[in-house]
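Architecture at a glance
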Amino acid sequence: MTPHIPEPSAPLLAIRGLSKAFLGVQALDGVDFTLRHGEIHALLGENGAGKSTLIKTLTGVYRRDAGTVALEGREIAPRGVEEAQRLHIGTVYQEVNLLPNLSVAENLFLGRQPMRFGLVDRGAMRRRARAVLSGFGLSVEVTAPLGRFSVATQQIVAIARAVDMSAKVLILDEPTASLDAQEVAVLFGVLRALKGRGIGIVFVTHFLDQVYAVCDRITVLRNGRLVGERRTDELPRLDLVAMMLGRELEAAAHRIAADPAAHDDADTDARPPLVRFRGFGRARSVEPFDLDIHPGEVVGLAGLLGSGRTETVRLVFGMDRADQGKATVDGRPVRLRGPREAIRLGFGFCPEDRKKEGIVGELSVRENIILALQARQGWLKPIPRRRQEEIADRFIRLLDIRTPDAERPIQLLSGGNQQKALLARWLATEPRLLILDEPTRGIDVGAHAEIIRLIERLCADGMALLVVSSELEEIVAYSRRVVVLRDRRHIAELRGGEVTVDRIVSAIASEPASSGSEGALA
Amino acid sequence: MIHRFLPLVVTIAVLVVGFLLCAMQFPNFASLRVVGNLLTDNAFLGITAIGMTFVILSGGIDLSVGAVIGFTTVLLAVLIEQGGWDPPAAFAAALLAAALFGAAMGAIIHVFRMPPFIVTLAGMFVARGMAFVLTTDSLPINHPLYGDLNDVAWRFDGGGKLSLPAMILLSVLALAVVLAHWTRFGANLYALGGNRQSAELMGVPVARTTVAVYTLSGLLAGLAGIVFSLYTGAGYSLAATGVELDTITAVVIGGTQLTGGYGYVLGTFAGVLIQGLIQTYITFDGTLSSWWTKIAIGALLFVFILLQKGLLAAWTGRGGEPAEA
Amino acid sequence: MTLPLSGPPPGLRRTGLLRSLPQYGALAAVLLANWLLFPDFFSIRLQDGRLFGSLIDVLNRGAPVALLAIGMTMVIATRGIDLSVGAVMAIAGAVAATMTQAGWGLPAVLAASLGAGLLCGLWNGLLVALLRIQPIIATLILMVAGRGVAQLITEGQIVTFVSPGLAAIGSGSFLTVPMPVVITAALLAVTALLVRATALGLMIEAVGVNRLSSAGAGVNTPVVLVAVYVWCGLCAAVAGVIVTADIRGADVNNAGLWLELDAILAVVIGGTSLLGGRFGLLLSVVGAAIIQAMNTGILLSGFKPEFNLIVKAAVLLAVLLLQSPVLTLLLPRPKGARPVSAPLKPAIQPAKRESGSVKP
């Protein structure tokens, strides 16, 4: 964190005017990025900012449309991860892309094993592996399979492989997402040592505390554009969050929520909650939290990507099992052991990853809509075909799902219409609590507005809703209460007049209660 | 370390304990003669199973091996007896044909991204069919060299001997261990079976390795076919029916994960011997019926699959699986 | 044929029929070829109250594979496979023959042998659904041990029996139609009713297409999986009883040998994807008929029956190649067809949960 950074004549890596479009969507638009020797440079931005695209374009996974990349003043254009590695750019992903079944030594030297008499010299490989890893302060049994070690150790081995293959630039794509506090500290020790050796590190993360703990500079992207590059010690947290979320803080500083009535909590809080969670949590997923949701209210979950929002709603629906805490519905204790229990209790859940966990792609829109209702009734009581068609047609009309007919495979619909069909699936079960994870992500503008209107209407009808969204204005518009998360912890609950974009932003940016070091994850 | 070799250790322990139990029950059991016969009788199975181990390690499967053995024996019989070929030339032709057959399946699997299970199933049909087309009769091979080769043996005192098939088996085993652990090809196989995508990112030549491993499996099945024809002195298109199952079973009992990436050639060897041991025991016993072999092997298969499942969970078990209804 | 048997529901009837055209076309072509080779192929005569003729023969001999294919179709629709059906046939046949020989009545014999099939299916289902063992491995266990169990039951003998009642199941006839054909048709109808008149068919398809999404929507995935393996076991047992009844004895070494492969082939020819999802019971039975018609044709044309295997392999490869995602990419799309989302992922794309900021 020393502000003194030596600057040789040419920067280590200079990206100028990088652009990349996918089918007409501009994912990167003339982005500049500069990495100096011996610095850790955070690359930040919310979903859709273009971080991944930037990295993949840099390492040649995608071909760039325009722009230049220069390494130490020399232009480069790798055509794949391998070639990038040969050009001294190493990449380490969140999910370690090494092989857990091979030994540590084999992982380090796969494809470049030391040979003797035409055979792999295993002794030399072991010795060199130990030597390389000791340079990273890691003393492990190099003949043991990599998968037996913690994710942090695996990350360090991945970094060691990249560095040992002569990386000058090291790209770390969310390396800390599945590490605990101690592991993060070890990893950061390694990063600082590498920095001392003059290696430039691009660090992609969602944990602001970690950015402030280890990074020298910050580059923020938003919607494929460069927002700015700052030195970490000159950029207050609030400004950083504002840069990421794209808010003009001054202009909105004293804005009260548009519709104060929506946030009036006089009558609902007096009633007993529909669901109540106390000390509910799961190790390595989200810290224990308390949460009440009343009928006829929308509770918003806000926070940056990776802050524990999705993990929270997955626990509530039983997709992941809580390992501590209690849950009650209507005051009666319940055990949420899986989606089937949750559905029986009257819950419904639209997941964030629609394609993988939501839709059943090959099946028709009709079948997708009636699936949850049918599953709850059991297979012995089939919903008659006519009734299925009625239900499907009703929701297709009600939610304006754009499809030629109810028999079209749902995978052929646009994202917004798939989302509406998933909403229809749950509405058909007449749920008491509807959980929506990023309901408006990847959806065109028209459908977006319709879904928000629908949320408000459902709430007015007395349904309880728990909504995760990255769109703060959206969350403010419909939520009576907003729970703010950071680093997998519920850090604040805003209610009534407090529910404003600015309050949410400052809550996200607030210094952690603990010492403010990288230990904040624990 | 214990963890890593546990499946192998368990397999070898089962083999040793099994052998000791047999030896305690039958005084004649613990003799070089029995051991020699065990190796000879299971030589073709062992050679095939070693090839299968490589395929399974790489994340695939090869259902065609039994059919390739059958085809090879028929091809040899036809070439030698009807074509008048010299046995060495016939051996070379058979090995080449088997290897090319394997290579073709590997290429189809890689290029068309089709499941190995189904491609090699088709391969099994083709190989059996070609054997049938050559001849459906059992064709004896009477070439004098066959008699000479069958006499080749390293005799021990006390009546035991290491026959040519057993020697071939042990040589293949030694070469296979070297191939698996002292060559880049071996490391690439394990890498491919561990995670194809990661392996590709780490520079493993996926296409070459896939084709090579099926070629190797075909080649070894061809070699096993030669051994089988020596052993039976005939070519028969129905020879070695069901051997693919026996080899897969040996591989699993030997501690190799059927999903690929974990396992040892040596374990497969032990797995083959365990199967042979069960059979020998039942022969020695005389009162037990042959079907207990299949039941015992099925039970062992089940136990070893459960063991693997548990071990794999212990290795990779950070955080549970997502709940399912 | 009656309507609920084929996969697509009424709304899709037209496109469904269109989609199954290749199967019916192939069957027609094979039958036609047989007729050209053997002009008497379609002639059917009535003798002793039972129909005879090559066509009837095709149906009769195809019955065991068709029965296996019915069960196998649903297993494959859940993205599974059942390698043990041949062994289960042997077990059911062994139970039937041994009990008949021991003097049990027909009802008890049938109940016991079908019960054995159900039990085998339950075992497979539990391994797949609860222990989460890959289907190909889970069913391998019974494939290996099953024949041993069958031999245990018959004590290694080829058990023969004299029982007009049981024998009638194999070689008798009902309203002039051979019994195996009647039983196959009945089981097809019952199965179709079971999956299409309840919500089971929908659940099976949903689980096969996307197990995660289905579980998230509340589908009881373990129960669905167990159910399909149990039913597959039952179908195999019925096939086993028919074969045993036909030869009036249980030959456990050969009963159902390699028939699992024919059953899988029938399902694949019938158009059910090995990747799970939509399934058509009737089409799988048509697939079985195609296989049997080819067998008969090769026999009639004077070729050695050994050519069968090569022809089967060629058919299998051809069908699979047509389904291969790579080939789909290479071939031009039919006019007017809508592009489906790209079936092949780019070769290199590190799997990441939170990445794809831009979705085309």
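Sequence order sets the numbering: in each chain, residues are counted from 1 along the sequence as written. Chain A is the first chain written and ligand 1 is the first ligand written, with later ones labelled in order. Reporting in this predicted model follows two pLDDT cut-offs: at least 70 for local features of residues, and 80 or more for side-chain atom pairs to be given and counted; totals over whole chains, interfaces and linings ignore these cut-offs and use all residues.

Quick look at the overall build of chain C now. By the criteria applied, helices consist of DSSP H or I runs no shorter than four residues and strands consist of E runs no shorter than two, each listed in order from the N terminus. Along its length, chain C carries 15 helices and 6 strands. Taking all contacts inside chain C whose residues are at least 6 apart in sequence as the whole, residues at least 24 apart take part in 77%. Placing C-beta atoms from the backbone, we regard two residues as in contact once those atoms come within 7 Å.

Before going further, it helps to examine the overall build of chain A. Scanning chain A from terminus to terminus reveals 18 helices and 22 strands. Here the C-alpha radius of gyration of chain A, 25 Å, is about what a compact globule of 522 residues would show, namely 24 Å. When its C-alpha atoms are laid out on the principal axes, chain A stretches across 75 × 55 × 45 Å. Here a residue counts as buried when 20 or more other C-beta atoms fall within 10 Å of its C-beta, as exposed when 12 or fewer do, and as partly exposed in between; the C-beta atoms come from the backbone. Looking at the 522 residues of chain A, the share that counts as buried comes to 53%. Counted over contacts in chain A with a minimum sequence separation of 6, partners at least 24 positions apart contribute 69%. C-alpha atoms define the radius of gyration in this analysis, and the globule rule sets the expected value at 2.2 Å times the number of residues to the power 0.38.

Residue and element names in this part refer to chain A. Whether two strands pair depends on DSSP finding at least two bridges between them. The 4 strands lie next to each other as S2-S1-S4-S5, forming an open sheet whose pairing is antiparallel. If you trace the sheet from one side to the other, it starts and ends with strand S2 (25-35) and strand S5 (74-75), each paired once. Two strands pair when backbone bridges link them, and strand S4 (residues 66-71) and S5 are joined in this way by 2 bridges, in the antiparallel orientation. Counterpart to Leu-71 in the pairing with S5 is Arg-74. With axes taken as lines fitted to C-alpha atoms, and helix axes fitted only over the stretch in contact, angles between N-to-C directions fall between 0 and 180 degrees. On top of the sheet, helix H1 (residues 51-58) reaches strand S1 (13-22), S2 and S4; it is set at about 70° to S2, its chief contact.

Bringing the sheet that holds strand S14 (residues 286-293) of chain A into the picture now. Residues and elements named next belong to chain A. Taken together, the 4 strands give an open sheet; going across it, the order is S14-S13-S16-S17, and neighbouring strands pair in antiparallel fashion. At either end of the open sheet lies a strand with only one pairing partner, and these are S14 and strand S17 (332-334). For this sheet, the mean angle separating the axes of adjacent strands, direction not counted, is 25°. The sheet contacts of helix H10 (residues 309-316) involve strand S13 (275-282) and S14, and relative to S14 the element is tilted by about 65°.

Moving on, we get to the environment of Lys168(A). All names here are of chain A. With respect to the element layout, Lys-168 can be found in the loop between helix H5 (151-164) and strand S9 (169-173). A tally of 19 C-beta atoms within 10 Å means that Lys-168 is categorised as partly exposed. Distance in space between the C-alpha atoms of Lys-168 and Arg-197 is 9.5 Å, their sequence separation being 29 residues. When residues no more than four places from it in sequence are discounted, the contact partners of Lys-168 are Leu-12, His-88, Ile-199 and Gly-200.

What follows deals with the domain arrangement of chain A. Where each domain starts and ends comes from a domain assignment, either automatic or drawn from a database. Taken domain by domain, chain A holds domain 1 (13-101 + 145-246), domain 2 (249-346 + 432-522) and domain 3 (360-430). Taken over C-alpha atoms, the centre of domain 1 of chain A sits 42 Å from the centre of domain 3 of chain A.

Turning our attention to the interface of chain C and chain B. At the interface, 43 residues of chain C touch 41 residues of chain B. Element by element, the count of residues in the side of chain C that touches chain B is highest for helix H6 (residues 135-154) of chain C, at 12 residues. Three classes are used: nonpolar for Ala, Val, Leu, Ile, Met, Phe, Trp, Tyr, Cys and Pro, charged for Asp, Glu, Lys and Arg, and polar for all others, with Gly counted as polar. Of the residues that constitute the side of chain C that touches chain B, the class distribution is 30 nonpolar, 8 polar and 5 charged.

As judged from the 6 bridges shared by strand S21 (residues 481-486) of chain A and strand S22 (residues 489-495) of chain A, these two strands associate in the antiparallel manner. Considered in S22(A), the bridge of Arg481(A) is made with Arg495(A).

As a further point, take unusual backbone geometry. All names here are of chain A. For Asn-223, which is not a glycine, the phi torsion comes out positive at approximately 50°. Along the chain, Asn-223 falls in the loop between strand S11 (217-222) and strand S12 (225-231). Unlike most non-glycine residues, Arg-488 shows phi in positive territory, near 65°. Looking at the element boundaries, Arg-488 is found in the loop between S21 and S22. Taking the C-beta count within 10 Å as the criterion, Arg-488 has 23 such neighbours and is therefore assigned buried.

So, on to the confidence of the model for chain A. A residue's pLDDT is the confidence the predictor assigns to it, expressed on a 0 to 100 scale. Scored by pLDDT, chain A comes out at a mean of 84, with 90% of its residues at no less than 70. Low pLDDT, under 50, characterises residues 249-263 of chain A; the stretch is placed with 20 contacts to residues that sit more than four places away or in other chains.

The subject of this paragraph is the nonpolar core. One recurring pattern in soluble globular proteins: nonpolar side chains tend to sit buried together. When buried Ala, Val, Leu, Ile, Met, Phe, Trp, Tyr and Cys residues are joined through C-beta atoms within 7 Å, the set is termed a nonpolar core. Grouped together as the largest cluster of nonpolar side chains are 397 residues, with contacts concentrated most on Leu170(A), Leu465(A), Leu68(C), Ala69(C), Ile91(C), Cys235(C) and Val238(C). Considering every element that reaches this core, the biggest residue donor is helix H11 (residues 221-247) of chain C, with 19 residues. The contacts of Leu465(A), once residues within four sequence positions are left out, are Val298(A), Leu434(A), Leu436(A), Ile455(A), Leu458(A) and Cys459(A).

Moving on, we come to the environment of Val206(B). Residue and element names in this part refer to chain B. Considering the arrangement of structural elements, one finds Val-206 in helix H11 (residues 206-232). Given 18 C-beta atoms within a 10 Å radius, Val-206 is considered partly exposed. Dropping the residues within four chain positions of it, Val-206 is found in contact with Leu-192, Arg-196, Ala-199 and Glu-200.

A few words now on helix H6 (residues 181-196) of chain A. For an α-helix, 3.6 residues make a turn, and residues three or four places apart therefore share a direction. Residue and element names in this part refer to chain A. The span expected for a helix works out to 1.5 Å for each residue beyond the first. The terminal C-alpha atoms of H6, which comprises 16 residues, lie 23 Å apart, in line with the 22 Å expected from a rise of 1.5 Å per residue. Within H6, the full set of buried residues consists of Val-184, Leu-187, Leu-191, Leu-194 and Lys-195. With its buried residues spanning 100° around the axis, H6 presents them on a single face. Close packing links the buried residues of H6 with strand S3 (40-44), H5, S9, strand S10 (200-204) and helix H7 (208-214). Directly after H6, the chain includes Gly-198, whose backbone phi takes a positive value near 90°. Working note: the arc is built from the helix axis to C-beta atom directions.

All names here are of chain B. Put simply, helix H2 (residues 32-41) and helix H13 (residues 265-285) touch, their axes get as near as 10 Å, and they point 120° apart. Classed by the angle they form, the pair H2 and H13 counts as oblique. As for the relative orientation of H2 and H13, their crossing is right-handed in sense. Mapping the contact onto sequence places Val-34, Leu-38 and Asp-41 in H2 and Leu-273, Gly-276, Leu-277 and Thr-280 in H13. Looking at the contact of H2 with H13, its residues break down into 4 nonpolar, 2 polar and 1 charged. Orientation labels follow simple angle bins: below 35 degrees gives roughly parallel, above 145 gives roughly antiparallel, 65 to 115 gives roughly perpendicular, and whatever is left gives oblique. Helix crossings fall into two classes, left-handed where the near helix is turned counterclockwise from the far one by less than a right angle and right-handed where it is turned clockwise.

Residue and element names in this part refer to chain A. Two numbers describe how H5 lies on H6: the axes approach to 9 Å, and their chain directions differ by 15°. With respect to H6, the element H5 is oriented roughly parallel. As for how H5 packs across H6, the hand of that crossing is right-handed. Taking contact as the criterion, the partners of Val-151, Ala-152, Gln-155, Ile-156, Ile-159 and Val-163 in H5 are, on H6, Glu-183, Val-186, Leu-187, Val-190 and Leu-194. Split into classes, the residues belonging to the contact of H5 with H6 amount to 9 nonpolar, 1 polar and 1 charged.

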